[in-house]
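# Structural description and commentary
The chain contents come next:
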Amino acid sequence: MAANNVVEFKVTGFDHLAAQLREIPRAMRVRVLRNALAAGARLVRDEARRQAPILQLRNARPGRKPGTVRRAISVRTSKNDRKAGDVGVFVNVRPAPGAKFRKGVKVRASQRGANNQNDPYYWRWLEFGSRKLRATPFLRAGSRRLPQALEVFKQQLGRWLDKIKTTGKVTP
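Residues numbered from 1 in each chain as written. Predicted model: local features only at pLDDT ≥ 70, side-chain atom pairs only at ≥ 80, totals over all residues. Heavy atoms only, no water.

## Focus: the nonpolar core
- Grouped together as the largest cluster of nonpolar side chains are 11 residues: Ala-48, Ala-52, Val-69, Ala-72, Ile-73, Val-93, Tyr-122, Trp-123, Leu-126, Phe-138 and Leu-139.
- Of all elements in the fold, only helix H3 (68-72) and helix H5 (123-128) reach the threshold of two or more residues within this core.
- The residues touching Leu-139, leaving out its near neighbours within four places in the chain, are Ala-48, Ile-73, Val-91, Val-93, Trp-123 and Glu-127.
- With 9 residues, the next largest nonpolar core counts Met-28, Val-32, Leu-33 and Ala-36 among its residues. (Core = buried A, V, L, I, M, F, W, Y, C linked by side-chain atoms within 4.5 Å. Buried < 20%, exposed > 50% of the residue type's maximum accessible area, 1.4 Å probe, protein only. Helix = DSSP H or I, 4+ residues; strand = E, 2+ residues; numbered from the N terminus. Contact = heavy atoms within 4.5 Å.)

Right under this line is the structure:
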């Protein structure tokens with residue numbers, strides 16, 4: 001199983017857009033970029049959701065809900081990029097909430113694991129397969145929409161840059 005399958009690509013040739021973005025205050029720039037990236041990533045998310053297999057009840061483990069993985073596929077902002085001062089979004093399967101601690105004391109138990117019908121923990125086996133399960137790649141299938149996502153990103157960014165130039169405000 002490949003644990004670190006990350007699809008990244010770098011866009012070049014946006015010198016004119018980059019120059020326009022530098023003229024915008026940082027907070028507005030981050031918001032515009034994040035929203036434009038998220039708009040493109042939603043295409044990838046939607047394709048991954050379409051490709052995600054749905055558990056059939058006859059094969060389901062007791063208490064497992066059909067469509068759990070499909071509902072958990074989401075677009076999220078990247079904390080690592082934010083810490084580095086960059087803007088980034090990614091599409092993945094959102095795990096069930098973990099345990100919550102406050103001042104070293106557990107205030108809520110973890111909702112993760114095989115006993116929770118709403119935890120899509122098994123998505124990795126669906127995506128990459130195992131010795132006993134043939135892979136059904138749905139996230140990788142969604143990544144085929146990256147060229148269209150780039151076009152949506154460029155359109156959104158251009159539209160918001162024009163709006164900022166004329167009004168001086170950012171509205172998503």
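So, next bit.
## Digging into the packing of aromatic side chains
- Taken as a whole and assessed by the stated rule, the structure comprises 3 aromatic pairs.
- With a centroid separation of 5.5 Å and an interplanar angle of 85°, the aromatic rings of Tyr-121 and Tyr-122 are classed as edge-to-face.
- An aromatic cluster of at least three residues, connected via ring pairs, comprises Tyr-121, Tyr-122 and Trp-125. (Phe/Tyr/Trp six-rings, centres within 6.5 Å; stacked < 30°, edge-to-face > 60°.)

## As for the side chain of Asp-119
- Following the sequence through the fold, Asp-119 ends up in the loop between strand S4 (105-108) and H5.
- Despite its burial, Asp-119 remains without a salt bridge, the nearest opposite charge being carried by Arg-112 at 6.0 Å.
- Once residues within four sequence positions are removed from consideration, Asp-119 is found in contact with Arg-64, Thr-68, Ala-96, Gln-111, Arg-112 and Gly-113. (Lys, Arg positive; Asp, Glu negative; His and termini not counted. Salt bridge = Lys/Arg side-chain N within 4 Å of Asp/Glu carboxyl O.)

## Regarding the side chain of Glu-47
- As for its placement among the helices and strands, Glu-47 is situated in helix H2 (residues 26-51).
- A distance of 3.1 Å separates polar atoms of two side chains, one belonging to Glu-47 and the other to Arg-50.
- A polar contact of 3.0 Å, which involves the side chain of Glu-47, links it to the side chain of Gln-51. (Polar contact = N/O pair within 3.5 Å; in protein donor to acceptor, adjacent residues only side chain to side chain.)

## Quick look at the environment of Pro-66
- Considering the arrangement of structural elements, one finds Pro-66 in the loop between H2 and H3.
- Residue classification places Pro-66 among the partly exposed residues on the basis of a relative accessible area of 30%.
- As for Pro-66 and Pro-53, which are separated by 13 residues in sequence, their C-alpha atoms are 9.2 Å apart.

## Considering the packing of H2 against helix H7 (residues 146-167)
- It is at 8 Å that the axes of H2 and H7 come closest, and there the two elements cross at 150°. When the axis of H2 is compared with that of H7, the two are roughly antiparallel. Two packed elements cross with a definite hand, and for H2 against H7 that hand is right-handed. For the pair formed by H2 and H7, the contact residues are Met-28, Val-32, Leu-33, Asn-35, Ala-36, Leu-37, Ala-39, Gly-40, Leu-43 and Val-44 on the first element and Leu-146, Gln-148, Ala-149, Val-152, Phe-153, Gln-156, Leu-157, Trp-160 and Ile-164 on the second.
- Looking at the contact of H2 with H7 residue by residue, the classes come out as 15 nonpolar, 4 polar and no charged. (Axes fitted to C-alpha atoms, helices over the stretch in contact; angles between N-to-C directions. Parallel < 35°, antiparallel > 145°, perpendicular 65-115°, else oblique. Left-handed = near helix turned anticlockwise from the far one by under 90°. Nonpolar A, V, L, I, M, F, W, Y, C, P; charged D, E, K, R; others polar.)

## What about H7?
- Helix length check: H7, at 22 residues, gives a terminal C-alpha distance of 31 Å against a target of 32 Å (1.5 Å per residue), a fit within 8%.
- Those residues of H7 that sit buried are Ala-149, Phe-153, Gln-156, Leu-157, Trp-160, Leu-161 and Ile-164. For H7, the arc enclosing every buried residue in end-on projection is 135°, short of the 170-degree limit, so these residues lie on one face. Exposed and facing more than 90 degrees away from the buried side of H7 are Pro-147, Gln-155, Lys-165 and Thr-166. (Expected span 1.5 Å × (residues − 1). Arc of directions from axis to C-beta.)

## Details of the environment of Gln-155
- One can find Gln-155 in helix H7.
- A residue is classified by how much of its surface remains accessible, and Gln-155, at 56% relative accessible area, is exposed.
- For the pair Gln-155 and Ala-36, spaced 119 residues apart in sequence, the C-alpha separation works out to 8.3 Å.

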